[in-house]
Amino acid sequence: MLEVKNLTFSVEDDKGRQNILNDLSLQIPTGKLVVITGPNGGGKTTLAKAIMGLIPVSGGQVLLDGQDITALSITERARLGIGYGFQQPPRFKGIRVRDLMDLAAGRKLNQGECCNYLTEVGLCAKDYLDREVDTGLSGGEVKRIEIASVLARRCGVMIFDEPEAGIDLWSFSRLTETFQDLHKNSDATLIIISHQERIIKLADEIVLVAEGKVQKKGPCQEMLPCILQDTVTTCSRITE
Ligand SMILES: Nc1ncnc2c1ncn2[C@@H]1O[C@H](COP(=O)(O)OP(=O)(O)O)[C@@H](O)[C@H]1O
Ligand SMILES: [Mg+2]
């Protein structure tokens, strides 16, 4: 179980102190596929980064299987099996796709293994293995290579931040199937931040995050009608 307890992340700007995450609590049982959705700027990426240890939280705790990991570094959390696919993945000049995949897997992958991971995200593997993960790749290509590298790590908890961003329709279909298969055939906990109905429909539970808080959560069939209305106000009304 991944648990977030009373998480707060504050920043100081010209308007004063602002809570980007505002006493946010959430429990994600092991093996579930949870989709986090909600309006832009609601705090979803900040929550993902707080779970991965990429930002120092101002208050609250992150627990993995009962262990308080709030003070642990990114590397330590990665070792415990948490992986994060960035909303906007970094590029690495001088590193080839196959090197990145080996680094992610923690061992030298054979060509077949490497190709399988790339195929899972809709990339024609042999065209990419020796390409550098630099500005020569399009946004959608870098995004898919990033997702493939998270898959190659085989983490117990995988967080994907808007995996659909910049990805064409055909690759998106393939990616949706990959998430579905991964959920069916593994015990991994999948946390997918998404606005896409096809991904939302894969969820065991949908969590609506807005204004730094969980506004509503529940099973897919209960949440979907309200999500499709696409306004927090409607969702709040349904909750009351
Ligand atoms: N380090 C920061 N400093 C100032 N504002 C931030 C910082 N990080 C995030 N924000 C702001 O917090 C809000 C939530 O951001 P984010 O978590 O990226 O939202 P989402 O992923 O839901 O679209 C946004 O308004 C964003 O501009
Ligand atoms: Mg985001």
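That block above? That's the structure.
Residues numbered from 1 in each chain as written. Chains lettered and ligands numbered in written order. Predicted model: local features only at pLDDT ≥ 70, side-chain atom pairs only at ≥ 80, totals over all residues. Heavy atoms only, no water.

**Student:** Hey, could you go over the side chain of Thr-46 for me, with residue numbers and the actual values?
**Tutor:** Mapped onto the fold, Thr-46 is located in helix H1 (residues 44-52). For Thr-46, a relative accessible area of 16% translates into the label buried. Leaving out residues up to four positions away in the same chain, Thr-46 has contacts with Phe-9, Ile-20, Leu-21 and Ile-55. (Helix = DSSP H or I, 4+ residues; strand = E, 2+ residues; numbered from the N terminus. Buried < 20%, exposed > 50% of the residue type's maximum accessible area, 1.4 Å probe, protein only. Contact = heavy atoms within 4.5 Å.)

**Student:** I'd like a rundown of the sheet that holds strand E3 (residues 33-37), residues and numbers included.
**Tutor:** Strands sit in the order E6-E9-E10-E3-E11-E12 across an open sheet of 6 strands; the sheet is mixed. Two strands lie at the open edges of the sheet, namely strand E6 (82-85) and strand E12 (213-219), each paired on one side alone. Averaged over neighbouring strand pairs, the angle between their axes works out to 15 degrees when direction is ignored. The pairing of E3 with strand E10 (residues 189-193) spans 4 bridges and is parallel. By the bridge assignment for E10, Leu-33 is matched with Leu-190. Packed onto the sheet, H1 meets E3, E6, strand E9 (157-161), E10 and strand E11 (205-210) and runs at close to 145 degrees relative to E6. Sheet strands in contact with helix H6 (residues 169-185) are E3, E9 and E10, and its direction is about 155 degrees off that of E10. (Pairing = 2+ DSSP bridges. Axes fitted to C-alpha atoms, helices over the stretch in contact; angles between N-to-C directions.)

**Student:** Account for the nonpolar core, naming residues and giving values.
**Tutor:** Within the largest apolar cluster, 46 residues are counted, with the highest numbers of intra-cluster contacts made by Met-101, Leu-118, Ile-145, Leu-151, Met-158 and Phe-160. Here this core gets 7 residues from one element, more than from any other, and that element is helix H5 (residues 139-153). Beyond its immediate sequence surroundings of up to four residues, Phe-160 is in contact with Gly-85, Ile-147, Val-150, Leu-151, Phe-179, Leu-190, Ile-191, Ile-192 and Ile-193. The next biggest cluster of nonpolar side chains, apart from the first, holds 27 residues, and it includes Val-62, Tyr-84, Val-157 and Ile-191. (Core = buried A, V, L, I, M, F, W, Y, C linked by side-chain atoms within 4.5 Å.)

**Student:** Please give an account of the site of ligand 1 that cites residues and values.
**Tutor:** With respect to spatial proximity, the complete set of residues near ligand 1 consists of Val-11, Ile-20, Pro-39, Asn-40, Gly-41, Gly-42, Gly-43, Lys-44, Thr-45 and Thr-46. At 2.9 Å, a side-chain N or O of Thr-45 approaches an oxygen atom of ligand 1. Separating an oxygen atom of ligand 1 from a side-chain N or O atom of Thr-46 is a distance of 2.5 Å. Top contributing element to the shell around ligand 1 by residue count: H1, with 3 residues. Looking at the shell around ligand 1 residue by residue, the class counts come to 3 nonpolar, 6 polar and 1 charged. (Near = heavy atom within 4 Å. Polar contact = N/O pair within 3.5 Å; in protein donor to acceptor, adjacent residues only side chain to side chain. Nonpolar A, V, L, I, M, F, W, Y, C, P; charged D, E, K, R; others polar.)

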